[in-house]
Amino acid sequence: MDLTLATRDVDGTTIVAVGGEIDVYTAPKLRDKITELVAAGVYDLIIDMEAVEFLDSTGLGVLVGGLKKVRAHDGSLQLVCTQDRLLKIFRITGLAKVFVIHDSADAALASS
């Protein structure tokens, strides 16, 4: 399974729609995209994970790294996720308290 990334800008906030599996093989692609956006001056990100089918610890590390990158510029990184199996990973690891997780991109945009 490959990883797909699609970005769109909505009123100064960039939404990165992620699809497929975020694992040890594909996570660098997401990390590179976040790094590229931050380098371009984009500090408010929403990572839409509705089409993500699998997430491992490498993927979690990339998300935490992305959060640190945008926070260094007083930015934000929010997640869109409604899938129980992914939300369970965030709860078990304690990252549900670190990330703001929304049930839709619209909800994330409304809060940013």
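- Looking at an unreviewed UniProt entry, one finds the protein named Anti-sigma factor antagonist and attributed to Nocardioides oceani.
- What the UniProt record of the protein gives under Sequence similarities (unreviewed entry) is the line "Belongs to the anti-sigma-factor antagonist family."

Some details on helix α3 (residues 84-93)
Here is step 1: Regarding α3, the residues found buried are L86, L87 and F90. Here the buried residues of α3 occupy an arc of 100° about the axis, which is enough to place them on one side. Pointing more than 90 degrees away from the buried face of α3 are the exposed residues D84, R91 and I92.
Here is step 2: Close packing links the buried residues of α3 with β3 (44-55), α2 (57-71), β4 (76-80) and β5 (100-102).

Remarks on the packing of helix α1 (residues 27-39) against α2
Here is step 1: In the contact formed by α1 and α2, the axes pass within 9 Å of each other and the chain directions differ by 5°. Comparing their axes, α2 and α1 come out roughly parallel. Mapping the contact onto sequence places A27, L30, R31, I34, T35 and V38 in α1 and T58, G59, V62, L63, G66, K69 and V70 in α2.
Here is step 2: Among the residues making up the contact of α1 with α2, the classes are represented as seven nonpolar, four polar and two charged.

Reading the values: the criteria
- Residues numbered from 1 in each chain as written.
- Predicted model: local features only at pLDDT ≥ 70, side-chain atom pairs only at ≥ 80, totals over all residues.
- Heavy atoms only, no water.
- UniProt positions renumbered as here; feature names shortened; annotations may be inferred.
- Buried < 20%, exposed > 50% of the residue type's maximum accessible area, 1.4 Å probe, protein only.
- Helix = DSSP H or I, 4+ residues; strand = E, 2+ residues; numbered from the N terminus.
- Arc of directions from axis to C-beta.
- Contact = heavy atoms within 4.5 Å.
- Axes fitted to C-alpha atoms, helices over the stretch in contact; angles between N-to-C directions.
- Parallel < 35°, antiparallel > 145°, perpendicular 65-115°, else oblique.
- Nonpolar A, V, L, I, M, F, W, Y, C, P; charged D, E, K, R; others polar.

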